[in-house]
Structures are given as C-alpha cells and as structure tokens.
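Spelled out from the first residue to the last, the chains are:
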Amino acid sequence: MNIVLLGPPGGGKGTQAKRLEDRFGLKQLSTGDMLRAAVAAGTDTGKKAKAVMDAGGLVSDDIIIAMIDERLSQADCRSGAIFDGFPRTAAQAEALDRLLASRGSRLDHAIELKADEEVLVQRIAGRYSCKRCGAGYHDHFQRPKTDGVCDACGGSEFVRRDDDKPDTVRARLEAYRLQTAPILPYYERQALLTRLDGMATMDEVTGQLEALLRKPVKR
Ligand code: ADP
Ligand code: ZN
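Below is a summary of the structure that appears in this document. Counting from 1, residues in each chain are numbered in the order their sequence is written. Chain labels run from A onward and ligand labels from 1 onward, assigned in the order the entries are written. Given that the model is predicted, a residue must reach a pLDDT of at least 70 before its local features are reported, and side-chain atom pairs must reach 80 or more before they are shown or counted; all residues, however, enter totals for whole chains, interfaces and linings. The basis for the side-chain values is all heavy atoms of the structure; hydrogens and waters are excluded.

Here a strand is any run of E in DSSP of at least two residues, a helix any run of H or I of at least four, and the numbering for each starts at the N terminus. Note on placement: Ala135 falls in the loop between strand 5 (127-130) and strand 6 (136-138). For the pair Ala135 and Asp151, spaced 16 residues apart in the sequence, the C-alpha separation amounts to 8.2 Å. Pairs of residues are marked as contacts when any of their non-hydrogen atoms sit within 4.5 Å. When near neighbours in sequence (up to four residues on either side) are disregarded, Ala135 contacts Tyr128, Ser129, Cys130, Cys150 and Ala152.

Spelled out as structure tokens, the structure:
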C-alpha cells in the first residue's frame, strides 16, 4: 500500500505518518527529514537545499525526485510507503506515479489533512522533537509525561527546527497554498483523495486514518 499525506506545514502529517508506520508495516518517507539529514551531513544536496529551506521555499523538483527514486529502491519500502511532505508540486505528483509504475506499484490513497492557517502558526512555533529518536512534542499541546525526558526513548536532549520561526512559517504556508494545494484536484480526478479535518485531536485523526486504511481499496 502506498499513501500520500498532503496538507499545510504543521498540520500533523509527520506525527500521523509515524503512527501509521508501525500499525500498517509501511515506511514513512519524509522529504523534509531527508533534506535535513542531507544538510546535517553536508552533502551536495544539503548545500543546495539549505538556503531555500531556511527561506521557506521549495527545493527543486529534480533534487526531490532523485531522492525519492533512490529511496524507493531500498528494501524497506517494498511493502509500501507513506509519503509525508511529498509530492509538493504537480511535477512531483506526476513523477511519483511514474516511479511507482516502474516498480509495478501504484498509489492507493491521497489524504489531505485540512487545517486553519492561524492555528498552524501557533502549532509550529511551539514544537520540538527528541534529538535521539525524533519523537515530536509541543510546548503547550503535547508535553512529555516527565519534563525534559522523552516518553519514547528516555532521551533528554531536544531540538527545534531552524525554519520554525514565524516569518519562515508564513512563507511555507504560502508555498503550500500556491504550489501544493493545486495538486489536490489531480488526486480528486483519480478518485484517490480523502479530506480529513487536521484540526481534530491527534488521536481522532489517527482513528480516521486507520478506518480508511483498513477498508479494502477499490480499483
Ligand atoms: P513542513 O511540512 O512542516 O513544512 P517538511 O519537513 O516537510 O516541513 O519540509 C521542510 C522544508 O523542506 C520545506 O519548507 C521545503 O523547503 C523543503 N522540502 C521538503 N519536502 C519538499 C518537497 N517535496 N519539494 C520541495 N521542497 C521540499
Ligand atoms: Zn526520544
């Protein structure tokens, strides 16, 4: 099964993708995480992407498509993937169809987590994650059970993203509105699109996603 999660930054795609990974045996492929890893490792891709990411813009389609192509060839993606933060442009959506088709596979669902922009700025401004395992937290909405200790791995170091500053967040929301939201009709035409309310609680959204993914896919 292959699933695309769409929706504005901060809408909960990453959190939901991590939850579905375990429950459905799928691999989360987050182009944002891959790019941040490339930046941290100082690769050529990382060097090209850094300035664009810090400004809240979109990294070029060529770079993104090559990254996904390479990743899909690895063994852990064989039983399917949850694409998180990809595709973000029409060219990427078409490329994904080609990449899956060339591996004898296809997309089963495109799911939009709809969200309200003002709430997103608040959500993003307070978020951080565990440095060791990547578990996500929030200053107001999702604190660890014990202050300063990761619920998932017991780690005590946390990190915030460079691009989670309010001005950059607004640029990212605009990139979503102008470049990514226009691909929703592409999936709607293929009857692949489901829209969910991303403003519901994390658990409610997870419940709705699970119900959807448990239903047999009609083709
Ligand atoms: P969010 O969904 O919270 O904005 P991501 O982690 O998905 O964050 O992406 C962070 C940044 O990485 C984006 O603002 C963009 O610069 C870059 N990026 C990630 N995925 C893509 C993509 N598919 N196409 C172009 N740029 C991307
Ligand atoms: Zn942790």
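Once you've had a look at it, read on.
Now for the packing of aromatic side chains. When the centres of two rings from Phe, Tyr and Trp lie within 6.5 Å, Trp using its six-membered ring, the rings pair. Their planes under 30 degrees apart give stacked, over 60 give edge-to-face, and anything left gives tilted. Tallied over the full model, the rule gives five aromatic pairs. Ring geometry for Tyr186 against Tyr187: centres 5.2 Å apart, planes inclined by 75 degrees, an arrangement best described as edge-to-face. Partly exposed residues are those whose accessible area sits between 20% and 50% of the maximum for their type, while under 20% is buried and over 50% is exposed, using a 1.4 Å probe and protein chains only. Residue classification places Tyr186 among the buried residues on the basis of a relative accessible area of 18%. Three or more aromatic residues joined by ring pairs form one cluster here, namely Tyr128, Tyr137 and Phe158.

Nonpolar cores were defined as sets of buried Ala, Val, Leu, Ile, Met, Phe, Trp, Tyr and Cys residues, with membership established by side-chain atoms within 4.5 Å. Val4, Leu6, Leu72, Phe83, Leu96 and Tyr187 are the most contacted members of the largest nonpolar core, which totals 30 residues. Counting only elements with at least two residues in this core, the list comes to strand 1 (3-6), helix 2 (31-41), helix 3 (44-54), helix 4 (61-72), strand 3 (81-84), helix 5 (90-101) and helix 8 (184-189). Here the element with the most residues in this core is helix 4; it accounts for five residues. Contacts of Leu6, omitting those with residues within four sequence positions, involve Lys13, Pro87, Ala110, Ile111, Glu112, Leu113, Tyr176, Thr180, Ile183, Leu184, Tyr187 and Leu193. Core analysis: the next-biggest nonpolar cluster, separate from the first, contains 14 residues, Ile3, Ile111, Ala200 and Leu213 among them.

Every angle, taken between N-to-C directions, lies between 0 and 180 degrees, and every axis is a line fitted to C-alpha atoms, over only the stretch in contact when it is a helix. Two numbers describe how helix 2 lies on helix 3: the axes approach to 8 Å, and their chain directions differ by 115 degrees. By the angle between their directions, the pair helix 2 and helix 3 is classed as roughly perpendicular. Taken as a pair, helix 2 and helix 3 cross one another with a handedness that is left-handed. Here Gly32, Leu35, Arg36, Ala38 and Val39 of helix 2 come into contact with helix 3, specifically with Thr45, Gly46, Ala49, Lys50 and Met53. In this classification, the charged set is Asp, Glu, Lys and Arg, the nonpolar set is Ala, Val, Leu, Ile, Met, Phe, Trp, Tyr, Cys and Pro, and all remaining amino acids, among them Gly, are polar. Counted by class, the contact of helix 2 with helix 3 contains five nonpolar, three polar and two charged residues. Any angle between 65 and 115 degrees counts as roughly perpendicular, while under 35 counts as roughly parallel, over 145 as roughly antiparallel, and the rest as oblique. By the definition used in this description, the sense in which the near helix is turned from the far one sets the handedness, with an anticlockwise turn below a right angle giving left-handed and a clockwise turn giving right-handed.

So, about the pattern of salt bridges. Counted as salt bridges are all cases of a side-chain nitrogen of Lys or Arg within 4 Å of a carboxyl oxygen of Asp or Glu. Per the stated rule, a full pass over the model turns up 21 salt bridges. Arg160 serves as the salt-bridge partner of Asp139, at 3.0 Å between the closest nitrogen and oxygen. On the criterion of sequence distance, the pair formed by Asp139 in the loop between strand 6 and strand 7 (158-159) and Arg160 in the loop between strand 7 and helix 7 (166-180) is long-range, its members being 21 residues apart.

Before going further, it helps to spend a moment on the pairing of strand 3. By the alternation rule, side chains of strand 3 split into Ala81 and Phe83 and Ile82 and Asp84, which are all buried. Two strands pair if DSSP finds at least two bridges between them. Strand direction decides the pairing type here: strand 1 and strand 3, joined by three bridges, are parallel. If you follow Val4 over to strand 3, its bridge partner there is Phe83. Note: strand 2 (residues 27-30) against strand 3, four bridges, orientation parallel. When the bridges of strand 3 are listed, Ser30 appears paired with Asp84.

Around the zinc ion (ligand 2), the protein contributes the donor atoms Cys130 (SG), Cys133 (SG), Cys150 (SG) and Cys153 (SG), which lie 2.3 to 2.4 Å from the metal centre. Considering all four donor atoms around the zinc ion (ligand 2), angles at the metal cover 103 to 115 degrees and the coordination shape is tetrahedral. Only nitrogen, oxygen and sulfur atoms qualify as donors, and only when within 2.8 Å of the metal (3.2 Å in the case of Na, K and Ca); with water excluded, sites may look incomplete. Here the metal geometry follows the donor angles, with tetrahedral for four donors whose angles all fall between 85 and 135 degrees, square planar for four and octahedral for six when opposite donors are more than 155 degrees apart and every other angle is between 65 and 115, and irregular for all the rest.

All right, on to the sheet that holds strand 3 then. The pairing of strands in a sheet happens through backbone hydrogen bonds and is either parallel or antiparallel. Read across the sheet, five strands follow the order 2-3-1-4-8 without closing on themselves; strand pairing throughout is parallel. Each edge of the open sheet carries a strand with a single partner, namely strand 2 and strand 8 (193-197). Sheet twist, expressed as the mean angle between neighbouring strand axes with direction ignored, is 20 degrees. By the bridge criterion, five bridges tie strand 4 (residues 109-114) to strand 8 in an arrangement that is parallel. Looking at strand 8, one finds that Glu112 is bridged to Arg195. Across the face of the sheet, helix 9 (residues 202-214) comes into contact with strand 1, strand 4 and strand 8 while running at roughly 165 degrees to strand 4.

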